[in-house]
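# Per-entry structural report
These are the residues of each chain, in order.
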Amino acid sequence: MAVTIKSEQGKEFSGSFEYYCDDATDIPSLPTDALAGSSAIIIDTGDILMLNSKGEWKKW
């Protein structure tokens, strides 16, 4: 299933992967070779991370 997220500034990110983490300590275990635009939700804090084209998970 494809995921498309659009920011308030009109930036659109598409990817095919969603990941869920219990807390921020799980972030290092997220794959860095997934499609750019993949998202990860940190359940403990509700933060959303987005994988950029450099393979870095950044807070959305």
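Everything quoted here is computed from the prediction, not taken from an experiment.

Hydrogen bonds between backbone atoms are what pair the strands of a sheet, whose relative direction is either parallel or antiparallel. As summarised here, the arrangement of the four strands in space is 3-4-5-6, forming an open sheet in which the pairing is mixed. Each end of this open sheet is capped by a strand with a single partner; those strands are strand 3 (18-21) and strand 6 (57-59). Along the sheet, successive strands turn relative to each other by an average axial angle of 30 degrees, direction set aside. With three bridges joining them, strand 5 (residues 48-51) and strand 6 adopt antiparallel strand pairing.

With that out of the way, let us pick up the confidence of the model for the protein. Any residue range with low pLDDT should be treated as having predicted coordinates unsuitable for detailed reading. For the protein, the average pLDDT comes to 84, and 77% of its residues sit at 70 or higher. Averaged pLDDT values for the elements of the protein fall to 59 in strand 2 (residues 12-15) and rise to 96 in strand 6.

What follows concerns the environment of Leu30. Note on placement: Leu30 falls in the loop between strand 3 and strand 4 (39-42). Apart from residues no more than four positions distant in its own chain, Leu30 is found in contact with Tyr19, Cys21, Ala40, Leu49 and Trp57.

The subject of this paragraph is the pairing of strand 4. Bridge count between strand 3 and strand 4: four bridges; the pairing is parallel. Of the residues in strand 4, the one forming a bridge with Tyr19 is Ala40.

Another aspect to go through is the packing of aromatic side chains. Per the stated rule, a full pass over the model turns up two aromatic pairs. Taking 5.9 Å as the distance between ring centres and 90 degrees as the angle between the ring planes, the aromatic pair formed by Tyr19 and Trp57 counts as edge-to-face. On the criterion of sequence distance, the pair formed by Tyr19 in strand 3 and Trp57 in strand 6 is long-range, its members being 38 residues apart. Ring pairs connect the aromatic residues Phe17, Tyr19 and Trp57, which therefore count as one cluster.

Conventions used here
- Residues numbered from 1 in each chain as written.
- Predicted model: local features only at pLDDT ≥ 70, side-chain atom pairs only at ≥ 80, totals over all residues.
- Heavy atoms only, no water.
- Pairing = 2+ DSSP bridges.
- Helix = DSSP H or I, 4+ residues; strand = E, 2+ residues; numbered from the N terminus.
- Axes fitted to C-alpha atoms, helices over the stretch in contact; angles between N-to-C directions.
- pLDDT = per-residue confidence, 0-100.
- Contact = heavy atoms within 4.5 Å.
- Phe/Tyr/Trp six-rings, centres within 6.5 Å; stacked < 30°, edge-to-face > 60°.

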